[in-house]
Amino acid sequence: MTARIFSFPNPVNEKAARTVAFVVMLLAALTLATSWYWLLVLLAYGFVARVLTGPRLSPLGTLASRVVAPRLGAEKPVAGPPKRFAQGIGATLTTVAAVAALGFGANALADVLLAALILAAGLESIFGYCLGCQVFALLMRVGVIPEHVCVECADIGRRSPARA
């Protein structure tokens, strides 16, 4: 039971991932515009929940995967491990930003991290370009992430022509 809860889907529906990224972009922009840094706690929780359990313990992940994405047409499966890695980057950015702003009053640092999050989430949600996935691919190419973590990512022959 625990293994099932603490797992990440593979493949992931890209439409759900882009939906999550869109809402993250909006919440991060709202936080930056209003200085409501308490929203960083919600953002950080969502990222950590998605890293640990996929959409299971993330209200936004559940809404995106079960309600919104199915209404956007057929699933568009993409590899799960790079998306999980990207969620981990989001968890790190939002957690550091929350601690900086709420714990130390370092609002300028939190604002810079929010701007980076807005950029990354915007690229993912609007253009389907996942910066975290690109970092994941680079780390695989240089051998930091072993091939067994994402066999389909390592096997160029399995990629569709549009993804290669």
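So, here's what we can say about the structure. The model shown is predicted, which means the values in this text are computed figures rather than measured ones.

Concerning the state of the cysteines
Per the stated rule, a full pass over the model turns up 2 disulfides. Disulfide pairing places C130 opposite C133 at an S-S distance of 2.4 Å. Its S-S torsion of about 70° marks the bond between C130 and C133 as right-handed, since a negative value means left-handed. Classification of C130 by relative accessible area gives buried; the value is 9%.

Brief notes about the side chain of T19
Looking at where T19 falls in the secondary structure, it is placed in helix 2 (residues 14-34). You can call T19 buried: its relative accessible area is 15%. A distance of 2.8 Å separates a polar atom in the side chain of T19 from the backbone oxygen of K15. If near-sequence neighbours (up to four positions away) are discounted, T19 is found in contact with A64, V68 and L72.

Conventions adopted
- Residues numbered from 1 in each chain as written.
- Predicted model: local features only at pLDDT ≥ 70, side-chain atom pairs only at ≥ 80, totals over all residues.
- Heavy atoms only, no water.
- Disulfide = S-S within 2.5 Å.
- Buried < 20%, exposed > 50% of the residue type's maximum accessible area, 1.4 Å probe, protein only.
- Helix = DSSP H or I, 4+ residues; strand = E, 2+ residues; numbered from the N terminus.
- Polar contact = N/O pair within 3.5 Å; in protein donor to acceptor, adjacent residues only side chain to side chain.
- Contact = heavy atoms within 4.5 Å.

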